[in-house]
Amino acid sequence: MKRIGTVFFALVFCAVAVAAGAAGDAAKGGALAKGCACHKSKGDLDGVDAATLTAKMQAFKDGKGENKAMVAIMQKQSPENIADLAAYYASLPKK
């Protein structure tokens, strides 16, 4: 029984560590987003949930989506950059 508790604690600890690492840095994302002229002027990503944005950016990175420009841009981004961009746009007030 003691071993099960130890394994459970270790799994919970790992899950929390992964979740903390997955949360992006909005300040870094803001610096990265300076080149995003389209989305900056439209404000279409402002206030969108970070998980939704991350999924969309990852889909582009995987080559999925109609917008070939976004596919090319996202394929150059690291997972950390994607998390940072998602955190930045999610932190903005919805327009």
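Below or above, wherever it landed, is the structure these notes cover. (Residues numbered from 1 in each chain as written. Predicted model: local features only at pLDDT ≥ 70, side-chain atom pairs only at ≥ 80, totals over all residues. Heavy atoms only, no water.)

## Some remarks on the overall build of the protein
Turning to step 1, where the next piece is worked out: The helix and strand tally for the protein stands at 6 helices and 0 strands.
Turning to step 2, where the next piece is worked out: Its helices and strands in sequence order give the protein the pattern α-α-α-α-α-α, from N to C terminus.
Turning to step 3, where the next piece is worked out: The buried share of the protein, reckoned over its 95 residues, is 24%.
Turning to step 4, where the next piece is worked out: Put simply, of all contacts in the protein between residues at least 6 apart along the chain, 75% involve residues at least 24 apart.
Turning to step 5, where the next piece is worked out: Carbon and sulfur atoms make up 67% of the accessible area of the protein, which amounts to about 6,600 Å² in all. (Helix = DSSP H or I, 4+ residues; strand = E, 2+ residues; numbered from the N terminus. Buried < 20%, exposed > 50% of the residue type's maximum accessible area, 1.4 Å probe, protein only. Contact = heavy atoms within 4.5 Å. Areas by Shrake-Rupley, 256 points an atom, 1.4 Å probe, with all protein chains shown as cover.)

## Some details on the environment of Ala-86
Turning to step 1, where the next piece is worked out: Along the polypeptide, Ala-86 turns up in helix α6 (residues 79-91).
Turning to step 2, where the next piece is worked out: A relative accessible area of 1% places Ala-86 in the buried class.
Turning to step 3, where the next piece is worked out: In this view, Ala-86 contacts Ala-50, Leu-53, Thr-54 and Met-57; residues no more than four positions away in its chain are not counted.

## Here we look at the packing of aromatic side chains
Turning to step 1, where the next piece is worked out: Applying the stated criterion across every chain, the model contains 1 aromatic pair.
Turning to step 2, where the next piece is worked out: Taking 5.1 Å as the distance between ring centres and 65° as the angle between the ring planes, the aromatic pair formed by Tyr-88 and Tyr-89 counts as edge-to-face. Tyr-89 carries the same exposure label as Tyr-88, and that label is buried. (Phe/Tyr/Trp six-rings, centres within 6.5 Å; stacked < 30°, edge-to-face > 60°.)

## A short note on the packing of helix α4 (residues 50-61) against helix α5 (residues 68-75)
Turning to step 1, where the next piece is worked out: Closest axis-to-axis distance for the α4/α5 pair is 7 Å, and the angle between their directions is 95°. By the angle between their directions, the pair α4 and α5 is classed as roughly perpendicular. For the pair α4 and α5, contact is made by Met-57, Phe-60 and Lys-61 and by Met-70, Val-71, Met-74 and Gln-75, respectively.
Turning to step 2, where the next piece is worked out: When the residues that make up the contact of α4 with α5 are grouped by side-chain class, the tally is 5 nonpolar, 1 polar and 1 charged. (Axes fitted to C-alpha atoms, helices over the stretch in contact; angles between N-to-C directions. Parallel < 35°, antiparallel > 145°, perpendicular 65-115°, else oblique. Nonpolar A, V, L, I, M, F, W, Y, C, P; charged D, E, K, R; others polar.)

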